[in-house]
Amino acid sequence: MEIVVLVKQVPDTESLIQIAGDGVSIKTEDLKWVMNPYDEFAVEEALRIKEAQGGTVTILSMGPAKTVETIRTALAMGADKGIHINDPAAEGSDALATAKILAAALKEMPYDLIIAGMRAVDGDNYQVAPAVAELLGIPQITQVIQEEITGDTIRCTQVVEGGAAVIEAKLPVLFTAQRGLNEPRYASLPGIMKAKKKPLDTKTLADLGVDAATVGAQNQKVQITALNPPPARQAITMIEGDDPQTLAVNLVKKLHEEAKVL
Amino acid sequence: MTEEREEFPLDVLFVGGGPANLAGAIRLKKLADEKGLELEVGLIEKGDAIGNHSLSGAILDPIALKELMPDYAEKGCPIEETRLHDRFYYLTQHRKFDVPFTPKFMHNEGCCIISLSRFTRWLGEIAEGMGINIFPGFAGTRVLFGEDGRSVTGVGTGDKGIDKNGKKKATYEPGVDLTARVTIFGEGPRGSLIRQVDEKLEIFSKTMPQVFETAVKEVIELPEDNPFLKGQDTVIHTFGYPLGLDTKGGGFLYRMKDNRISLGLVVGLDYEDPLLEPYQMFLRYKRHPLIAGIIQGGKVLQQGAKTLSIGGYYTMPVLSVNGALFVGDSAAMLNAQRLKGIHTAMKSGMLAAETVISAFEKDDFSLDTLRAYDQKVADSWLNAERYEARNFTQALARKGVVKFMHIGAQYFTKGRGLKDPLSLVEDCATLKKLPKDWKAPEEDSEKPEYDGTLYLDKLTGVYLSGTQHVEDQPCHLIVHNTDICETLCYEEYRNPCTRFCPAQVYEMVEETPGERRLVLNPSNCLHCKTCEIKDPYKNITWTCPEGGGGPKYSIV
């Protein structure tokens, strides 16, 4: 089984996030960069499938030089090799352009299964992985919380509003990981050492045959016009009362009189 | 231990990713490269990333940095301010008085203002770039000793994925035994591993105890038009209010880049009043007209707390044992008189590195070779400046006029003073018991007001430290006997842990009158270790939680 995991490096949401002077980006100086948490689920699931069925797990990521740290983290968890697309011309690419670049890389590689996080916690677009599947012309199953592979068929449980859908497809397939799929493992210390010696190729747009003029900041179909911080956290109010009845009455009272939502 | 732990051999292991060990690792690698020695060097750090657990004022004397890396500016060393203009004030509740005579050790010409978290992160990147194996997120939990019981052979890292009842979770990942020819301990103040070494090899003095201060600090963003950002003064130090003259400590306010300032209050942990709360002292300090005037309109970006090891020269442990060396705050390298410890920490790490290189050249890692480190420390400027301050912390611990007599006498006798050495009392032994009939006042006259932006309650502060721990893990704070908390400690001190902890980890709940119970919130912990230091019954032991937990400092 050839498994490719799409991984993105994102700011740690616990970092100090501040809007930059331009009003459309965030200050990056003191950010800590981590693997997108949903991509951790994707890596973990890939490793479990590999452990059960054999095969290779390849990590594919695009970003500046520091992205290597995140690819190494996935390798330390147990992935076999990494491919890092690093090209200044790709900087500022929107979801569609990113998908085009990733798809171009995937066209050059063998794959039976592609796994990605269902969304990246920075841009929150939910778009890159589905667009990659479209560009490759393969089935996609999003927001997966459970999967099972039998022969050349994958059966996934997908979260839908108010319930779950079970979807089957013939490999090759791309699916995206939702919280609940698994609990990602820790990168072990010996794993981190081994990761340093695992193959990690760096590729440019030219290597992938992507025309630099079609991607990057100047080709954004979606433009950010302004960023605003979320409203400040309100203080928590504890509902008082000794028994469920009193608690319920006091809660309704607060919702009615203070929050004015009832 | 039922399971065989994996052994992971290294040549040199650094425990702790602060400035002492990072400077040591960089120096070691440089020297090894020069001499053609191929060494496998590892550094473990309990924080999720290098710099996450680093917090300081901080004014850096670049003397050690210049020795380590003369081209530090070209390498992008993150410096906030190089133009240092000092003010030194004595504060009363409503007023400030210029101290007419700024003592020589308070002069900061040639120094610079940094964020220690940023600075440490930068050192970490350089060290990693040189080929040092940096392992953030791995906590050392036990010291490995050789069969002789007299030599250190490495450090075992903690298991991950253990639930709060001690059972393995699905994500269980066993720790490994990192063995090394030499292990260098740079855990910062009150290390939890150096304590294990001391238990076995008695490296700390029995008569000169380790003593500490706790600092609470914030980085505050000021409005662009704030006059302080344009003024001449960049450094303010204060003493007096809100601590008074009998409790050692003081405040600092430093100007940083990007309209930010660093503001903090340091409280000596030998304070006597069990009702004193360092965090509330910090808030009072912020409300003083001098400080409130400067920070008006500001917004707290990050908050944190950490202890400083301030005992100085006479409290230094034995610096070397078979197979191990001790550096930085772990080894009381800070110079309390100059309020600086980064340069001394770095220098100690660098001297340790030089010693380790000679040990590899001789292929001897016993005390016979490693002892050279003690001599290197003794011969360097590191000891020269600390020797002059050898009785300073002791003098500050004195009360009233006596304090100033000691300080004055020391000033003119190169530190010898009226008595040399002056004695010290352990911080856990200084609290005065409350009278038997003591009752809490109905309403606190200085009840703090919080606005959620500039004046923060403890829990909002904890939130702004970014601290996080895996919730489902064994409690890392060991309270040995909770009966003491509920009875004796309540009666004698009204549970000072609920006040000296800057992160509200300790709470006493009284569900029915007279029935008290200690509740712990270990997830709030900022890893400052004040609890272990100050608890009057020595009832608390701080152990390392699962690696990766703790604050996520980035600019403090």
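Residues numbered from 1 in each chain as written. Chains lettered and ligands numbered in written order. Predicted model: local features only at pLDDT ≥ 70, side-chain atom pairs only at ≥ 80, totals over all residues. Heavy atoms only, no water.

## Concerning the nonpolar core
Put simply, the test is: What we call a nonpolar core is a set of buried Ala, Val, Leu, Ile, Met, Phe, Trp, Tyr and Cys residues that are connected through their side-chain atoms within 4.5 Å. Think of it in three bands: residues with accessible area under 20% of the maximum for their type are buried, residues over 50% are exposed, and the middle band is partly exposed, with areas taken using a 1.4 Å probe on protein chains only. We call two residues in contact whenever any of their non-hydrogen atoms come within 4.5 Å of each other.
In this structure, F119 and F185 of chain B are the most contacted members of the largest nonpolar core, which totals 82 residues. Leaving out residues up to four positions away in the same chain, F119 of chain B has contacts with L60, L65, C77, P78, I114, I342 and M346 of chain B.

## Side note on empty space enclosed by the protein
Residue and element names in this part refer to chain B. Using the following cut-off: Points on a 1 Å grid, built from protein atoms alone, make a cavity when a 1.4 Å probe fits but cannot get out and make a pocket when they are open with protein on both sides within 12 Å along at least 5 of 7 lines; residues with an atom within 4 Å of a point are the lining residues. Grid points are joined across faces, edges and corners, and a volume is the space filled by probe spheres set on the points. Following the grouping adopted for this structure description, the nonpolar residues are Ala, Val, Leu, Ile, Met, Phe, Trp, Tyr, Cys and Pro, the charged ones are Asp, Glu, Lys and Arg, and the polar ones are all others, Gly among them.
If you walk through the whole model with that rule in mind, you get six cavities of 30 Å³ or more. By volume, the largest cavity amounts to about 90 Å³. Lining the largest cavity are 14 residues, and of these C501, C525, C528, K529 and C531 sit closest to its centre. Residue composition of the lining of the largest cavity, grouped by class: eleven nonpolar, two polar and one charged.

## Description of the interface of chain B and chain A
Filter applied, for reference: Accessible surface is computed with a 1.4 Å probe, and the buried area is the amount of it that two parts give up when combined, taken over both parts together. Every case where a carboxyl oxygen of Asp or Glu lies within 4 Å of a side-chain nitrogen of Lys or Arg is listed as a salt bridge. Within 3.5 Å is the distance limit for a polar contact, defined as a pair of N or O atoms, with the added protein rule that one can donate a hydrogen and the other accept it, and that residues adjacent in sequence qualify only through two side-chain atoms. Strands here mean DSSP runs of E at least two residues long; helices mean DSSP runs of H or I at least four residues long; both are numbered from the N terminus.
Listed per partner, the contact involves 31 residues of chain B and 19 residues of chain A. Across the chain B to chain A interface the summed buried area is about 2,300 Å²; carbon plus sulfur atoms make up 55%. Our enumeration of links across chain B and chain A arrives at eight salt bridges. Residue K552 of chain B pairs with D12 of chain A through a salt bridge whose shortest N-O separation is 2.9 Å. Joining chain B to chain A, the criterion identifies ten residue pairs in polar contact (both at pLDDT 80 or more). Put simply, the parts of the chain that give the side of chain B that touches chain A at least two residues each are β1 (6–9), α3 (116–129), β8 (133–136), β11 (160–162), β12 (168–173) and β13 (176–179) of chain B.

## A few points about the packing of aromatic side chains
The description of two aromatic rings rests on the distance between their centres and on the angle between their planes. Residues and elements named next belong to chain B. Short version of the rule: When the centres of two rings from Phe, Tyr and Trp lie within 6.5 Å, Trp using its six-membered ring, the rings pair. Their planes under 30 degrees apart give stacked, over 60 give edge-to-face, and anything left gives tilted. Think of it as a cone above the ring: NZ of Lys or CZ of Arg counts as a charge over the ring if it is within 6 Å of the ring centre and within 35 degrees of the ring normal.
Summed over the entire model, instances satisfying the criterion amount to 15 aromatic pairs over all chains. Taking the centre distance of 4.7 Å and the plane angle of 70° together, the rings of F360 and F365 count as edge-to-face. Each member of the pair, F360 together with F365, is buried. Three or more aromatic residues joined by ring pairs form one cluster here, namely F88, Y90, F97 and F239. Across the ring face of F145, the terminal group of K200 is positioned such that the distance to the ring centre comes to 4.8 Å. The ring of Y490 carries the charged tip of R516 above its face, separated from the ring centre by 3.5 Å.

## What to know about the packing of helix α8 (residues 342–362) of chain B against helix α11 (residues 381–388) of chain B
Residue and element names in this part refer to chain B. For clarity, the threshold we go by: Axes here refer to lines fitted to C-alpha atoms; in helices the fit is confined to the stretch in contact. Angles between the N-to-C directions go from 0 to 180 degrees. The scheme is simple: roughly parallel for angles under 35 degrees, roughly antiparallel for over 145, roughly perpendicular for 65 to 115, oblique for anything else. The sense of a crossing depends on the near helix, which, turned anticlockwise from the far helix by less than a right angle, makes the crossing left-handed and, turned clockwise, makes it right-handed.
With their axes 10 Å apart at the nearest point, α8 and α11 run at an angle of 140° to one another. When the interaxial angle is binned, α8 and α11 end up oblique. Crossing geometry of α8 relative to α11 is assigned as left-handed. Across the interface between the two elements, H343, T344, K347, S348 and L351 from α8 touch W381, L382, E385 and R386 from α11. Residues of the contact of α8 with α11, tallied by class, amount to three nonpolar, three polar and three charged.

## What about the domain arrangement of chain B?
Our working rule: Boundary definitions for the domains trace back to an automatic or database domain assignment.
Taken as a whole, chain B is organised into domain 1 (10–70 + 118–207 + 316–388) and domain 2 (392–421). Distance from the C-alpha centre of domain 1 of chain B to the C-alpha centre of domain 2 of chain B: 32 Å.

## A look at the environment of G154 of chain B
Residue and element names in this part refer to chain B. The residue G154 is located in strand β10 (residues 152–157) in this model. Under the relative-accessibility criterion, G154 is labelled buried at 0%. Expressed as a C-alpha distance, the spacing of G154 and P502, which sit 348 residues apart in the sequence, is 33 Å. Those residues in contact with G154 that lie beyond four places of it in its chain are R142, V143, L144, L178, T179, A180 and T183.

## As for the sheet that holds strand β17 (residues 249–255) of chain B
All names here are of chain B. Heads up, the rule is: Strands are treated as partners if at least two bridges between them are detected by DSSP.
With mixed pairing, the seven strands of this open sheet are ordered in space as β6-β5-β16-β17-β18-β15-β19. A single partner strand is all that each edge strand has here, and the edge strands are β6 (96–98) and β19 (299–309). The average angle at which neighbouring strand axes cross in this sheet is 20°, direction not considered. Pairing of strand β15 (residues 212–221) with β19, which is carried by ten bridges, proceeds in the antiparallel orientation. Across the sheet, E221 pairs through a bridge with K299, a residue of β19. Of the strands in this sheet, β5 (86–91), β15, β16 (235–240), β17, β18 (260–268) and β19 touch helix α6 (residues 278–287), which is tilted by about 135° from β18.

## Structural notes on the state of the cysteines
All names here are of chain B. Rules: The rule for a disulfide is simple: a pair of cysteine sulfur atoms within 2.5 Å.
Following the criterion strictly, the structure yields zero disulfides over all chains and no others. Cysteine C497 is unpaired, with the sulfur of C489 as its nearest cysteine sulfur at 6.2 Å. Just so you know, C531 is unpaired, no disulfide at all, and the nearest cysteine sulfur is the one on C525, 6.4 Å from it.

## Some words on the pattern of salt bridges
Enumeration over the complete set of coordinates arrives at 46 salt bridges over all chains. Between E221 of chain B and K27 of chain A there is a salt bridge, with its nearest N and O atoms 3.9 Å apart. Of the two residues, E221 of chain B is situated in strand β15 and K27 of chain A in the loop between β2 (9–11) and β3 (33–35); the pairing between them involves two chains. Assessed through its relative accessible area of 30%, K27 of chain A is described here as partly exposed. The closest approach of N and O atoms between K35 of chain B and E361 of chain B, which form a salt bridge, is 3.5 Å. With K35 of chain B in the loop between α1 (19–34) and β3 (41–45) and E361 of chain B in helix α8, the pair connects residues that are 326 residues apart, well separated along the chain. One continuous salt-bridge network, built from bridges that share partners, spans E29 and D30 of chain A together with E80, R118, R121, K257 and R260 of chain B.

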